[in-house]
2 protein chains.
Amino acid sequence: MVKKKVRGSTSGRPIMALLDLLGRRWVLRLVWELREEPRRFRELQALIGGASPTIVNARLRELRAAKLVELDPEAGYRLTALGQELLKLFLPLHLWSEKWAKAL
Amino acid sequence: MVKKKVRGSTSGRPIMALLDLLGRRWVLRLVWELREEPRRFRELQALIGGASPTIVNARLRELRAAKLVELDPEAGYRLTALGQELLKLFLPLHLWSEKWAKAL
DNA sequence: CCTGTTACTACATTTTATGTAGCGATTCAT
DNA sequence: ATGAATCGCTACATAAAATGTAGTAACAGG
């Protein structure tokens, strides 16, 4: 069992590694935009609002390394089983964000 | 009811604004480190691994603007009621991250 | 061969974060 | 009243990360 070092995570605690990964620019948006169906590289790039291909590719590579996303040449990028589990944990955010917006 | 424009969010959809806010560097970590008790500025800075005071202050200001965090001069920085609600949604991540780490 | 699509890379410019020092206010002991 | 300690926070030069634009290589169909 190999432990990979992740940016900003000195502890090796999974939660820290996860928060670090998810806290990188565009990562949450990428996962979110993959919630319904597989997406092509350019499609994904457009959906998240036109981030540079450089960074889209870098993030997708990180997400693939984390086994949350995979690339099917036929269909495009999509969430792995693991990625879908993570997404499910995030779904309550959608509803809550509406409440939050009203409170602002 | 005023809608604030948030970086990367052209839609005005709360979920996008939220994902954008949470996706900024150190934000998830800051919220996480406030999960148990109020923390002082420097204490918080140390807990998240020594980010520069410049950026810690910038993020805390954003979190205060978002009404997720507040500063009590007596006790330090702490989550607002809203912030605590958000944290509760994140708690399942802790357990899941252990499973995820094993899958890597 | 030409055209279009795919994912992706190169690289100069711009934006963001870091690291270090220090400020102004407050509290507390001498 | 003076000096030390702590508080949140700012200034600013350096370093790292993201952007924007162009372009590459691989493949498909006409």
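Look above for the structure.
Residues numbered from 1 in each chain as written. Chains lettered and ligands numbered in written order. Predicted model: local features only at pLDDT ≥ 70, side-chain atom pairs only at ≥ 80, totals over all residues. Heavy atoms only, no water.

Quick look at the overall build of chain A
Phase 1 of the analysis: For chain A, the count of helices and strands is five helices and two strands.
Phase 2 of the analysis: Going from N to C terminus, chain A has its helices and strands arranged as α-α-α-α-β-β-α.
Phase 3 of the analysis: When the 104 residues of chain A are sorted by exposure, 45% land in the buried category.
Phase 4 of the analysis: Within chain A, residue pairs in contact and separated by at least 24 positions form 41% of the contacts whose partners lie at least 6 positions apart.
Phase 5 of the analysis: Surface exposure of chain A reaches about 5,600 Å², of which carbon and sulfur atoms provide 55%. (Helix = DSSP H or I, 4+ residues; strand = E, 2+ residues; numbered from the N terminus. Buried < 20%, exposed > 50% of the residue type's maximum accessible area, 1.4 Å probe, protein only. Contact = heavy atoms within 4.5 Å. Areas by Shrake-Rupley, 256 points an atom, 1.4 Å probe, with all protein chains shown as cover.)

Observations regarding the side chain of Gln45 of chain B
All names here are of chain B.
Phase 1 of the analysis: Inspection of the secondary structure puts Gln45 in helix α3 (residues 41-47).
Phase 2 of the analysis: You can call Gln45 buried: its relative accessible area is 17%.
Phase 3 of the analysis: In this structure the side chain of Gln45 is engaged in a polar contact, spanning 2.8 Å, whose partner is the backbone oxygen of Ala51.
Phase 4 of the analysis: When residues no more than four places from it in sequence are discounted, the contact partners of Gln45 are Gly50, Ala51, Ser52, Pro53 and Val56. (Polar contact = N/O pair within 3.5 Å; in protein donor to acceptor, adjacent residues only side chain to side chain.)

Quick look at the protein's contact with DNA strand C
Phase 1 of the analysis: Looking at DNA strand C, there are 20 residues lining it, with Arg42, Asn57 and Tyr77 of chain A together with Ile55 and Arg59 of chain B nearest.
Phase 2 of the analysis: The contact atoms of DNA strand C, taken as those within 4 Å of the protein, divide so that sugar and phosphate hold 54%.
Phase 3 of the analysis: At a separation of 2.3 Å, a phosphate oxygen of DNA strand C approaches a polar side-chain atom of Asn57 of chain A.
Phase 4 of the analysis: Secondary-structure elements contributing two or more residues to the surface near DNA strand C are α3 (41-47) and α4 (53-65) of chain A together with α4 (53-65) of chain B. (Near = heavy atom within 4 Å.)

Details of the protein's contact with DNA strand D
Phase 1 of the analysis: Taken together, 19 residues lie near DNA strand D, and Arg59 of chain A together with Phe41, Arg42, Asn57 and Tyr77 of chain B sit nearest.
Phase 2 of the analysis: Backbone atoms, meaning sugar and phosphate, make up 53% of the atoms of DNA strand D lying within 4 Å of the protein.
Phase 3 of the analysis: Between Arg42 of chain B and DNA strand D, the recorded distance is 2.5 Å, taken from a side-chain N or O atom to a base nitrogen.
Phase 4 of the analysis: Arg61 of chain B places a side-chain nitrogen or oxygen 3.0 Å from a phosphate oxygen of DNA strand D.
Phase 5 of the analysis: Counting only elements with at least two residues in the surface near DNA strand D, the list comes to α4 of chain A together with α3 and α4 of chain B.
Phase 6 of the analysis: The biggest single contributor to the surface near DNA strand D is α4 of chain B, with five residues.
Phase 7 of the analysis: Among the residues forming the surface near DNA strand D, the class breakdown is seven nonpolar, five polar and seven charged. (Nonpolar A, V, L, I, M, F, W, Y, C, P; charged D, E, K, R; others polar.)

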